[in-house]
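Coordinate inspection notes
One letter stands for each residue in the lines below.
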Amino acid sequence: MSADRLRRAARESVSGLPRAFWWLWTSTLVNRLGAFVATFMTLYLTLDRGYSASFAGLVVALHGLGGVVSSLVAGVMTDRLGRRPTLLAAQASTAFSVALLGFMEHPAAIAAVALLVGMTSNASRPAVAAMMADIVRPEDRVRAFALNYWAINLGFAVSAAAAGLIAEYSYLAGFLGEAALTLVCAVLVYVKLPESRPERGTAAGSGASSDKSGTGAETEIGLGTVLRDGRFMGVVGLSFLISLIFTQGSVGLPVAMGTAGFSPGDYGLVIAVNGLLIVALQIPVTRIIEHRDPQKLLVVSALLAGYGFALTAFAGPVWAYALTVCVWTLAEIVNSPTQMGLVVRLSPVHGRGRYQGVYSMSWSVAALVAPLMAGFMIDRWGANWLWAATGALGTGAAIGYWLLMRNLPAEATDTAPAASGGPATTTAQAPEPLPSAPN
């Protein structure tokens, strides 16, 4: 491809998105540049503080439990208080709690503050996703979510390398650095991002948010509404299965490679392929898939994820492990923006926060279950059974996506957001309520 075509493709990939999206994107990038705690928590507790691996595992589990709780609470806050106040509260409290964690000495205090960090650091996810859905046109949402996911991985790739150097000097400096960058995110949100929550009385983007009688009156949306939405909860369940698979890259794969005699450096080289491929391919692959059938994309990505990990059972040298990472990374590149777009498509406008909160919870719960699943299966039956299980999970998720997305209603069309980044306004009539997921 010529340089001119590359430049044109790059311009087309980023054009047409509102200014507010790019400030949100920037806050995501800055936030991920400071991702120290999630990356080095285990090493900090075991190497620097001298605690046991079991205590480190407990602390990491409490961190994940905090994310489960905050997903629901933050989803409600996003709808009731607004996207901007929720983001401000989440990021400011994250900055405080991360800094506090660096000064904790007693094991009980460390565990309690780790739970708090898990709650605050995950509280911004529903608000970010809801705000992105508010300000970006439906036809651009897959691309917007892909760009945001690209920023997450780019920031993580840079922060992992930098944080490793910082950790050699001072773990406390790492905690304080993350706190400072998170505070910068809070300032960006306060200064640059207007509130995007749609006003009550506007048409909803889903039948779940409109009155079935056709009078135009709005039905109050609570967590019960989300839990009774059969098709959406089916997506949440499938997201949990996909999350169990992808999380094995950070919990099952290092244990399996260590058991096979590989060094931590070998694992680092293998898993680095994941980040490099996402940074290199996320944007061009999204250009290819953004207007294609989401049902087919999700079915194919589920199969690639499941069998990409299943191929690990046949990997011998380091390069073979790296090839398996290439397979499931491609699945990740396709699945993430497509599934996020589907979640928005199935969410009523005035319930986006709650819907995003329940969706985020599926990943948080998987982060709790996946380590237990990997440890139990590897200890009891060996790593090959774990990889066989990922293949089965991928097959089950693919079948689920195929059944769940049959006869999916067409998405309502929004008008373009204002140049200042104001929310898109739904102009089409809300479609009929979605049927429940098939049994």
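Nothing here was measured: the structure is a model prediction, and the numbers come from that model.

Let us look at the overall build of the protein. If you tally the helices and strands in the protein, you get 17 helices and 0 strands. Put simply, the protein has 439 residues, and 51% of those count as buried. A separation of at least 24 residues holds for 83% of the contacts in the protein among residues at least 6 apart in sequence. With the model as given, the accessible surface of the protein reaches about 18800 Å², and the carbon-plus-sulfur share is 66%.

Attention shifts here to the nonpolar core. One finds Phe21, Met132, Phe232, Leu253 and Tyr401 to be the most contacted residues of the largest nonpolar core, which totals 76 residues. Of all hydrophobic cores here, the second largest spans 19 residues; its members include Tyr44, Leu101, Met104 and Ala179.

Together, Leu33, Val158, Leu181 and Val184 make up an exposed nonpolar region whose accessible area comes to about 270 Å². Checked against the element boundaries, Val158 lands in helix H8 (residues 141–169). Of the residues examined, Val158 reaches a relative accessible area of 42% and is grouped as partly exposed.

Moving on, we come to the confidence of the model for the protein. Taken over all residues, the pLDDT of the protein has a mean of 78, while the share at 70 or more is 81%. Here helix H1 (residues 3–14) stands out as the least confident element of the protein, with mean pLDDT 62; helix H14 (residues 294–310) is the most confident, with 93. Contacts for the low-pLDDT stretch residues 202–218, under 50 throughout, to residues beyond four places or in other chains number 38 contacts. Counting interchain partners and residues more than four positions distant, the pLDDT-below-50 stretch residues 412–439 has 65 contacts.

So, how was this worked out
- Residues numbered from 1 in each chain as written.
- Predicted model: local features only at pLDDT ≥ 70, side-chain atom pairs only at ≥ 80, totals over all residues.
- Heavy atoms only, no water.
- Helix = DSSP H or I, 4+ residues; strand = E, 2+ residues; numbered from the N terminus.
- Buried < 20%, exposed > 50% of the residue type's maximum accessible area, 1.4 Å probe, protein only.
- Contact = heavy atoms within 4.5 Å.
- Areas by Shrake-Rupley, 256 points an atom, 1.4 Å probe, with all protein chains shown as cover.
- Core = buried A, V, L, I, M, F, W, Y, C linked by side-chain atoms within 4.5 Å.
- Patch = residues over 30% accessible without salt bridge, like charges linked within 9 Å, V, L, I, M, F, W, Y side chains within 5 Å.
- Salt bridge = Lys/Arg side-chain N within 4 Å of Asp/Glu carboxyl O.
- pLDDT = per-residue confidence, 0-100.

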